Amino acid sequence: MNSHTIDAKTFQKLFLAGANRINSRKDYINELNVFPVPDGDTGTNMSLTILAAAKEVGAVAEPTMATICKAISNGSLRGARGNSGVILSQLFRGFTKAVSKADSLGKDEITAGFTRAVETAYKAVMKPKEGTILTVAKGMADKAEELVDEDMDVIAFCEAIVAYGYEVLSKTPDMLPVLKEAGVVDSGGQGLMEVLQGIVDALTGKVTDIEVPAEAASMSSAVISAPKADISTADIKFGYCTEFIILLDKPLTKEDEKGLKKFFLSIGDSLVLVADEEICKVHVHTNHPGEAFEKALTFGALSNMKIDNMRLEHQEKLIKDAENEAARQRQQEAEEEKLAAKEAAAEKPAKEVGFIAVSVGEGLTDIFEGLGVDYLIEGGQTMNPSTEDMLNAIEQVNAKNIFILPNNKNIILAAEQARDLTEDKKIIVLPTKTIPQGISAMIGYMPEAGVDENEENMKEAYQDIASGQVTYAVRDTVIDGKEIHNGDIMGINDDGIAAVGKNLTETTLELLSTMADEDSELICLYYGADVTKDDADTLSDAIEDKFPECEVEVNFGGQPIYYYMISVE
């Protein structure tokens, strides 16, 4: 790098520095969550999104602007979690599209990148709201346009842009009353500034020790091997756990993909193969890794190649944690079952309609399965699934048309991003924001109706209910005109925090008073992991006394954090 441009190798280091910065500050960003609920996860989502990209960026051995841009775009796009993570991935996508063909980054390229980033991110959000990460990004893009012709080098240029970004961030409470009332700046905007501050710190030499973030280096979607202390080396039929990514010369056809799978299974087992139009990820156990590489090279260049000698590892390592190893064994068995199911499904004709839902809690999962959901993604309140989690689910469901129920407002964008990346199936994302809405949508499905008609039926079903959740506050704040203290019980309806109190039953009844009206007939109660059935039945009796015109139905949900999830119809 000179004072006027940033070369590809420097760009690689700068991006990793930005990832390191937000990863170290994610807990602080989580604390900026406006609602004082115990699932504030903006920092976690943004950090995991950029870590997915950092893993790919750090693996580029000979960086060019094109290869770094592709790693940033692909990694963040597939690793995006939550609304903030999806928006961040779209900012990266727009920036990299604008600069990928450049030899280096000067003021003109950076300005073009900021402009394209903002355009791309605004298009990805159906109803952009000012006072958010979008506003902060737009402010910096405008500042870049203003300064691009000024007499300053690229370092001073970047410093000025970031300084203005902080200025815009400080004004977000004036743009969103809810931020002002809570006394915080926008958490997504803060996350973006942490990334850019890390980049500027590396650019100016303030930070020099730059490595791939440890969490990124350990992230992997590959199948976890069997506990090595529980098997003999003689029982390992295929000794080398082989993983790699094919940078495809052209998209794989269905015939190509089928042929690749057939070949890899002819030389090994435990195959996982996931492809999009640009990359193909492969994991296989084989005795001949070279043959796997040779076959893969006929479809494109290879990256992220990794070979583990499972027999040698068995001899060198002992079991350190029996419970952890048991969990790993269960995960492997689950992956193998999924693979077997996938291979079996591939031999059957695709059914007309399939369903994917996000769920959390044993009871809620059982309810969704009973309603006909084909694939359940665990997540929601405490961990938002990524776009890649959605894509993997879509691949597992052998259906021409697939309905996705995100069941959380912070997962809808990731589901829509997965929909946009899917070409061989029709994906319908129903923007359900709560678990009760998702359950109502499934109840509204009519098998005899067509896909379009069912989309309307299911939307009408979940829009006809009022949903609520009861949890606890994790800090003192004021929001929606309500003074809230750490540990208070909060009742949240579809419009926000509706009830605050010290007593769980009283607060839940107060919440229900905002949800039920003279036309209400049924109240469904889903009690969580921290509530006993006796407590739920006692609450049910209190609800029947207060709302005698309504039937009350009690179900075990098993969800963490939320004492109750409620629907009223």
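Our subject is the structure that appears above.
Residues numbered from 1 in each chain as written. Predicted model: local features only at pLDDT ≥ 70, side-chain atom pairs only at ≥ 80, totals over all residues. Heavy atoms only, no water.

Focus: the packing of helix α4 (residues 82-99) against helix α5 (residues 107-124)
To be explicit about the condition: Lines are fitted to the C-alpha atoms to define the axes, a helix being fitted only along its stretch in contact, and any angle between axes, read from their N-to-C directions, falls within 0 to 180 degrees. Strands here mean DSSP runs of E at least two residues long; helices mean DSSP runs of H or I at least four residues long; both are numbered from the N terminus. Angular relationships are summarised with four words: roughly parallel below 35 degrees, roughly antiparallel beyond 145, roughly perpendicular across 65 to 115, and oblique for the angles in between. Each helix crossing is assigned a hand: it is left-handed if the near helix lies turned anticlockwise from the far helix by less than a right angle, otherwise right-handed if that turn is clockwise. Contacts: residue pairs with any heavy atoms within 4.5 Å of one another. Note on residue classes: Ala, Val, Leu, Ile, Met, Phe, Trp, Tyr, Cys and Pro are nonpolar, Asp, Glu, Lys and Arg are charged, and everything else, Gly too, is polar.
Packing of α4 against α5 leaves a shortest axis separation of 7 Å and a crossing angle of 140 degrees. If you check the angle between α4 and α5, you find them oblique. Remark: the crossing between α4 and α5 carries right-handed chirality. Touching Ile-87, Gln-90, Leu-91, Arg-93, Gly-94, Phe-95, Lys-97, Ala-98 and Val-99 of α4 are Glu-109, Ile-110, Ala-112, Gly-113, Phe-114, Arg-116, Ala-117, Val-118, Thr-120, Ala-121 and Ala-124, all from α5. Taken together, the residues of the contact of α4 with α5 break down into 12 nonpolar, 4 polar and 4 charged.

Concerning the sheet that holds strand β8 (residues 426-429)
Note the following rule: At least two bridges found by DSSP between two strands is the condition for calling them paired.
Read across the sheet, 4 strands follow the order β6-β5-β7-β8 without closing on themselves; strand pairing throughout is parallel. Of all the strands in the sheet, the pair left with one neighbour each is β6 (375-378) and β8. On average, each strand axis in the sheet is tilted by 20 degrees relative to the strand beside it, whichever way the strands run. Two strands pair when backbone bridges link them, and strand β5 (residues 351-359) and strand β7 (residues 399-405) are joined in this way by 6 bridges, in the parallel orientation. When the sheet's bridge partners are listed, Ile-356 is paired in β7 with Ile-404. Contacting β5 and β6, helix α15 (residues 362-370) runs over the sheet at an angle of about 170 degrees to β5. Across the sheet, helix α19 (residues 451-463) touches β5, β7 and β8, and the angle it forms with β7 is around 10 degrees.

Points about the pairing of β7
Note the following rule: Burial here depends on accessible area, computed with a 1.4 Å probe over protein chains only, as a share of the maximum for the residue type. Under 20% is buried, over 50% is exposed, and the range in between is partly exposed. When the strands point away from the viewer and the path from the first strand over the helix to the second turns clockwise, the crossover is right-handed.
Counting buried residues along β7, 6 of its 7 residues qualify, which places the element largely inside the surrounding structure. Pairing between β7 and β8: 4 bridges, direction parallel. Opposite Ile-404, over in β8, you have Val-429 as the bridge partner. In terms of handedness, the path from β7 via helix α17 (residues 412-421) over to β8 forms a crossover that is right-handed.

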